[in-house]
Amino acid sequence: MTTRVACLGDSLTRAQLSVDYLELLARRHAADDVRFVRFGVNGDFAYNLVRRLDAVVADPPEVITVLVGTNDARASLAGYPVERAMQRKQLPERPSAGWFQQCLGAVVERLRTETDATIGLLSLPVLGQQLDGAAARASRAYSRLVAEVATTHRAAYLPLHERQMEELRKADPPPVPYRDPTPAATVGVLLRHTVLRQSFDAISRRRGLVLTTDHIHQNGRGAALVAEVIDTWLPTGSG
């Protein structure tokens, strides 16, 4: 019997701008009867995920992972274009920590009510690589909210943030200042990857970044940690 694993999230799960952690998971389970199904949309906030669960519950998987909140955390940082994001993603209110937690709780509650899936919530990947910087602190704070939702709604908590912090401390990375990528910068990364055929890892190296290409989207090392954290927990009876 095939075990279907639905991976829900934002651009990190969509994997147009990141190394594909679903592909890495599939490689790990090449000999197993496990299928990974992608439900990732670029730029999504937790609110957006609440509104697109119909496709997940219509054909319920056995396992569900949720990796969302990076955009919610970014919206808490000074200088983030909140109004533009609200318009682009049709958000009915200004993003906040409380609203994120409410929306993530609604995601889990519907999945628990309308599926029999085992559910795992990943904490956020580290924003930037200045471990005491505002961006990293925001991703840490929102990861604590994920942990609270997991406890309240009886889902598993998958410690991605903690694993990436450990990796960054070991790497002792250069203190590259966090800069939230503009739309033009994001397009630039995409063009370098798809047109110039530069790998995401090569883009990272040029910028002195350890886990990401742009402080947000994952390179090979960052995506491997996402896959590792999921695979360590994955209740498939294999791997």
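Residues numbered from 1 in each chain as written. Predicted model: local features only at pLDDT ≥ 70, side-chain atom pairs only at ≥ 80, totals over all residues. Heavy atoms only, no water.

Colleague: Any details on the overall build of the protein? Residues and values, ideally.
Modeller: If you tally the helices and strands in the protein, you get twelve helices and five strands. What you see for the protein is a C-alpha radius of gyration of 17 Å, in line with the 18 Å of a compact globule of 239 residues. Its C-alpha atoms give the protein principal-axis dimensions of about 45 × 45 × 35 Å. By the burial criterion, 55% of the 239 residues in the protein qualify as buried. A total accessible area of about 10800 Å² is found for the protein, and carbon and sulfur atoms account for 50% of it. In the protein, the 29 positive side-chain charges and the 26 negative ones have mean positions that sit 7 Å from each other. (Helix = DSSP H or I, 4+ residues; strand = E, 2+ residues; numbered from the N terminus. Rg over C-alpha atoms; globule rule 2.2 N^0.38 Å. Buried < 20%, exposed > 50% of the residue type's maximum accessible area, 1.4 Å probe, protein only. Areas by Shrake-Rupley, 256 points an atom, 1.4 Å probe, with all protein chains shown as cover. Lys, Arg positive; Asp, Glu negative; His and termini not counted. Charge placed at Lys NZ, Arg CZ, Asp CG, Glu CD.)

Colleague: Account for the nonpolar core, naming residues and giving values.
Modeller: Core analysis: the largest hydrophobic core is formed by 43 residues, its most contacted members being Leu-8, Ile-64, Val-66, Leu-104, Leu-111 and Leu-121. In contact with Val-66, other than residues within four places in its own chain, are Leu-8, Leu-49, Leu-104, Leu-111, Gly-120, Leu-121 and Leu-122. Counting 29 residues, the second largest nonpolar core, distinct from the first, contains Cys-7, Leu-160, Ala-223 and Ala-227. (Core = buried A, V, L, I, M, F, W, Y, C linked by side-chain atoms within 4.5 Å. Contact = heavy atoms within 4.5 Å.)

Colleague: So, the pairing of strand 3 (residues 63-67): which residues are in play, and what are the values?
Modeller: In terms of burial, strand 3 is largely enclosed, as five of its five residues are buried. Covered by surrounding structure in strand 3 are Val-63, Thr-65 and Leu-67 together with Ile-64 and Val-66, the residues of both alternating faces. Judged from the four bridges that link them, strand 3 and strand 4 (residues 118-122) form a sheet pairing that is parallel. The residue bridging Val-66 from the neighbouring strand is Leu-121, located in strand 4. (Pairing = 2+ DSSP bridges.)

Colleague: Run through the pattern of salt bridges, naming residues and quoting values.
Modeller: Evaluated as defined, the whole model comprises 15 salt bridges. Between Arg-163 and Glu-167 there is a salt bridge; the shortest N-O distance is 3.2 Å. Here Glu-167 and Arg-163 lie together in helix 9 (residues 160-171), a separation of four residues that amounts to about one turn. Owing to a relative accessible area of 14%, Glu-167 belongs among the buried residues under this scheme. The partner of Glu-228 in a salt bridge is Arg-163, with the nearest N and O atoms 2.6 Å apart. In this pair, Glu-228 is assigned in helix 12 (residues 220-233) and Arg-163 in helix 9, connecting sequence segments 65 residues apart. (Salt bridge = Lys/Arg side-chain N within 4 Å of Asp/Glu carboxyl O.)

Colleague: Outline helix 8 (residues 134-152), listing residues and values.
Modeller: The end-to-end C-alpha distance of helix 8 is 27 Å, a good match for the 27 Å that 19 residues give at a rise of 1.5 Å each. Burial in helix 8 covers these residues: Ala-135, Ala-136, Ala-138, Ser-139, Tyr-142, Ser-143, Leu-145, Val-146, Val-149 and Ala-150. (Expected span 1.5 Å × (residues − 1).)

Colleague: Give me the side chain of Ser-123: which residues, what numbers.
Modeller: As for its position among the elements, Ser-123 is in the loop between strand 4 and helix 8. You can call Ser-123 buried: its relative accessible area is 0%. Only 2.9 Å separates the side chain of Ser-123 from the backbone nitrogen of Leu-160, close enough to count as a polar contact. Separated by 2.8 Å, the side chain of Ser-123 and the backbone nitrogen of His-161 make a polar contact. Those residues within four positions of Ser-123 in sequence are excluded, and the remaining contacts are Leu-67, Ser-143, Val-146, Tyr-157, Leu-158, Pro-159, Leu-160, His-161 and Glu-162. (Polar contact = N/O pair within 3.5 Å; in protein donor to acceptor, adjacent residues only side chain to side chain.)

Colleague: Describe a nonpolar patch on the surface, naming the residues involved and giving the relevant values.
Modeller: A contiguous nonpolar surface patch, about 270 Å² in accessible area, is contributed by Val-187, Leu-191 and Val-195. Along the chain, Val-195 turns up in the loop between helix 10 (183-194) and helix 11 (200-207). (Patch = residues over 30% accessible without salt bridge, like charges linked within 9 Å, V, L, I, M, F, W, Y side chains within 5 Å.)

Colleague: An account of the sheet that holds strand 5 (residues 156-158) is requested, with residue identities and associated values reported.
Modeller: Taken in spatial order, the five strands line up as 2-1-3-4-5 in an open sheet, and their pairing is parallel. Taken across any chain shown, the strands that pair with only one partner, and hence form the sheet edges, are strand 2 (34-40) and strand 5. Strand-to-strand, the axes of this sheet are offset by a mean angle of 20°, without reference to chain direction. Bridge count between strand 1 (residues 3-9) and strand 2: seven bridges; the pairing is parallel. When the bridges of strand 2 are listed, Arg-4 appears paired with Arg-35. Taken strand by strand, helix 7 (residues 97-114) contacts strand 1, strand 3 and strand 4, and its axis lies near 165° from that of strand 4. Docked against the sheet, helix 12 engages strand 3, strand 4 and strand 5, running at close to 150° with respect to strand 4. (Axes fitted to C-alpha atoms, helices over the stretch in contact; angles between N-to-C directions.)

These values are about where atoms sit, not about what they do.
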